[in-house]
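Single-letter residue listing:
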Amino acid sequence: MNRVKSADLVGYGVAILRALDVPADDAELVLDSLVQADLWGHQSHGMLRLPWYAARLSSGVMTAHTRPEVLVDGGALLLLDGRAGIGQVLTDTARREAVARAREHGVGVVGVRNSNHFGTAMYYTRRAAAQGCVAVLTTNGSPAMAPWGGRRKTLGTNPWSIAAPAPTPSGTVAVDIANTAAARGKIYLARNRGEPIPDTWALDSDGNRTTDPSDAIAGIILPMAGHKGYAITFMMDVLSGALTGAETSPRVHGPYEPEKRSGAGHLFIAIDVAAMGATGDFLESVGRLVEDAKRSPLAAGHDEIFYPGEPEDRTATSNAAAGGVALPDRTRADLVELGSRFGISPTF
């Protein structure tokens with residue numbers, strides 16, 4: 001794997017999206033979200049996905065110019081029709097609107113229908129936390145998981161994120177979870193790296209546990225925590241799909257499907273910490289939570305306890321110090337091939 005400077009990846013990706021008629025600011029947002037995921041160590045949601053987005057833009061199932069329509073504006077509550085726009089742009093719009101409404105009403109709730117894949121959920125909740133809000137973001141996705149007791153893919157991984165202000169180096173604590181044993185993108189990443197996956201992640205198309213990522217992609221991803229993971233992903237589809245008027249999982253299409261409308265939905269909730277009481281008291285309380293967790297006696301096989309979001313912060317610092325993103329060879333080859341279609345040569 002080669003190390004690539006973040007700025008080089010952003011510039012290269014922006015040039016590709018601009019060639020596909022994406023406005024400059026929107027292209028910058030998309031690439032910042034992808035490269036930040038790579039820096040955090042979540043390469044399943046990083047530059048690996050740019051060719052998928054480009055294919056969807058080329059086919060027209062995702063529109064280059066994102067112009068959401070307001071369907072409901074109830075003050076603290078807003079519902080948007082994303083009109084098949086870019087998921088990152090729509091979700092950051094939801095973040096801005098939710099925070100602004102939380103400033104006025106104490107809480108802001110924004111639903112989005114007819115959207116697309118938005119990358120890493122904590123990219124947006126961390127932004128809201130940096131603005132003084134506790135933030136919750138849910139989304140739904142294309143079928144990946146069978147319902148508990150079934151054997152047909154019916155539900156998506158349907159990830160969600162919660163972030164809050166905190167007295168930590170990054171100023172936040174944050175969690176970003178897919179409800180499957182692993183995010184589907186991690187299986188694609190393992191395939192790109194030529195690596196096996198744990199046999200606890202997925203079943204092949206015959207219903208057998210597999211360590212082959214290609215067989216896992218064709219098969220079924222297992223839920224986290226058994227029936228609990230299934231129940232959580234079901235309810236995330238209620239919030240993201242049914243409540244917003246978006247599609248629900250069997251009818252949602254993923255970012256790697258180049259010619260099918262996504263129909264995905266998102267729900268963004270922001271709560272203004274200051275509206276609930278003194279911000280200093282809140283931060284002190286969160287700080288105590290962090291300290292209590294980190295001071296716990298260590299279990300066998302562990303060297304340190306991390307608070308939510310700390311592994312990503314440390315990985316980002318380490319990657320930046322090492323010279324940027326370590327791109328798997330296949331991901332780099334895919335990016336080079338993508339740029340060649342538009343006469344864009346990489347600087348990495």
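As annotated in an unreviewed UniProt entry, the protein chain carries the name Ldh family oxidoreductase and is attributed to Nocardia testacea. Taken verbatim from the UniProt record of the protein chain, the Sequence similarities (unreviewed entry) comment is "Belongs to the LDH2/MDH2 oxidoreductase family."

What follows is about the overall build of the protein chain. For the protein chain, the count of helices and strands is twelve helices and eleven strands. On C-alpha atoms alone, the protein chain measures out to a radius of gyration of 20 Å, which is about the 20 Å that the 2.2 N^0.38 rule sets for 348 residues. Once the C-alpha set of the protein chain is aligned to its principal axes, its extents read approximately 55 × 55 × 45 Å. Among the 348 residues that make up the protein chain, the fraction classed as buried is 50%. In the protein chain, the proportion of contacts linking residues at least 24 apart, taken out of those at least 6 apart, comes to 66%.

Looking at soluble globular proteins, one finds that nonpolar side chains tend to be buried together. In this structure, Leu9, Leu17, Met47, Leu50 and Phe268 are the most contacted members of the largest nonpolar core, which totals 56 residues. Ranked by residue count, the leading element in this core is helix 2 (residues 24-40), at eight residues. Residues within four places of leucine 50 in sequence aside, it is in contact with Gly13, Ile16, Leu17, Leu31, Leu34, Leu335 and Leu338. The next biggest cluster of nonpolar side chains, apart from the first, holds nine residues, and it includes Ala144, Ala182, Ala190 and Ala202.

Summed over all chains, the structure comprises seven aromatic pairs. Summarising the aromatic geometry, the rings of tryptophan 52 and tyrosine 188 are spaced 4.9 Å apart at their centres and angled 70° between planes, so their arrangement reads as edge-to-face. Taken as a pair, tryptophan 52 in helix 3 (residues 50-59) and tyrosine 188 in helix 6 (residues 184-193) lie far apart in primary sequence, 136 residues in all. Using a relative accessible area of 15% as the deciding quantity, one classes tryptophan 52 as buried.

Time to look at the pattern of salt bridges. As enumerated under the stated definition, the model contains 15 salt bridges in all. The closest approach of N and O atoms between aspartate 92 and arginine 96, which form a salt bridge, is 3.5 Å. You can see aspartate 92 and its partner arginine 96 sitting in helix 4 (residues 87-105), four residues apart, about one turn around the helix. With a relative accessible area of 4%, aspartate 92 lands in the buried category. By relative accessible area, arginine 96 is classed as partly exposed at 45%. For glutamate 337, the salt bridge is made with arginine 341, and the minimal N-O distance between the two is 2.8 Å. It is possible to trace a salt-bridge network through shared partners that takes in Asp92, Arg95, Arg96 and Arg127.

What follows is about the pairing of strand 5 (residues 133-139). Of all the seven residues making up strand 5, five are buried; the element is thus mostly covered by neighbouring parts of the structure. By the bridge criterion, four bridges tie strand 5 to strand 6 (residues 160-165) in an arrangement that is antiparallel. Within strand 6, the residue paired with leucine 137 across the bridge is serine 161.

Contact pair helix 3 / helix 12 (residues 329-340): the axes reach a minimum separation of 9 Å and the direction vectors enclose 30°. By the angle class used here, helix 3 and helix 12 are roughly parallel. Two secondary-structure elements touch here, helix 3 through Leu50, Pro51 and Ala54 and helix 12 through Asp334, Leu335 and Leu338. Here the residues of the contact of helix 3 with helix 12 are counted per class, giving five nonpolar, no polar and one charged.

One way to put it is that helix 2 packs onto helix 4 with a least axis distance of 9 Å and a crossing angle of 90°. Judged on the interaxial angle alone, helix 4 and helix 2 are roughly perpendicular. Contact with helix 2, carried on its side by Asp26, Leu29, Val30, Ser33 and Leu34, involves Gln88, Val89 and Asp92 of helix 4 and no other residues of that element. Class assignment for the residues of the contact of helix 2 with helix 4 results in four nonpolar, two polar and two charged.

Our focus in this paragraph is helix 6. Along helix 6, seven of the ten residues are buried, which leaves the element largely enclosed by surrounding structure. Tucked inside the fold, the buried residues of helix 6 contact helix 3, helix 7 (213-218), strand 9 (220-221) and helix 12. Of the residues trailing helix 6, glycine 194 is marked for its positive phi of about 70°.

Attention now moves to the environment of threonine 233. Tracing the backbone through its elements, the reader meets threonine 233 in helix 8 (residues 227-242). Exposure remark for threonine 233: the relative accessible area of 0% places this residue in the buried category. Sequence separation between threonine 233 and serine 249 is 16 residues; the distance between their C-alpha atoms is 9.8 Å. Residue contacts for threonine 233: discarding those within four places in its chain leaves Met145, Leu155, Gly156, Thr157, Asn158 and Asn179.

The rules behind each value
- Residues numbered from 1 in each chain as written.
- Predicted model: local features only at pLDDT ≥ 70, side-chain atom pairs only at ≥ 80, totals over all residues.
- Heavy atoms only, no water.
- UniProt positions renumbered as here; feature names shortened; annotations may be inferred.
- Helix = DSSP H or I, 4+ residues; strand = E, 2+ residues; numbered from the N terminus.
- Rg over C-alpha atoms; globule rule 2.2 N^0.38 Å.
- Buried < 20%, exposed > 50% of the residue type's maximum accessible area, 1.4 Å probe, protein only.
- Contact = heavy atoms within 4.5 Å.
- Core = buried A, V, L, I, M, F, W, Y, C linked by side-chain atoms within 4.5 Å.
- Phe/Tyr/Trp six-rings, centres within 6.5 Å; stacked < 30°, edge-to-face > 60°.
- Salt bridge = Lys/Arg side-chain N within 4 Å of Asp/Glu carboxyl O.
- Pairing = 2+ DSSP bridges.
- Axes fitted to C-alpha atoms, helices over the stretch in contact; angles between N-to-C directions.
- Parallel < 35°, antiparallel > 145°, perpendicular 65-115°, else oblique.
- Nonpolar A, V, L, I, M, F, W, Y, C, P; charged D, E, K, R; others polar.

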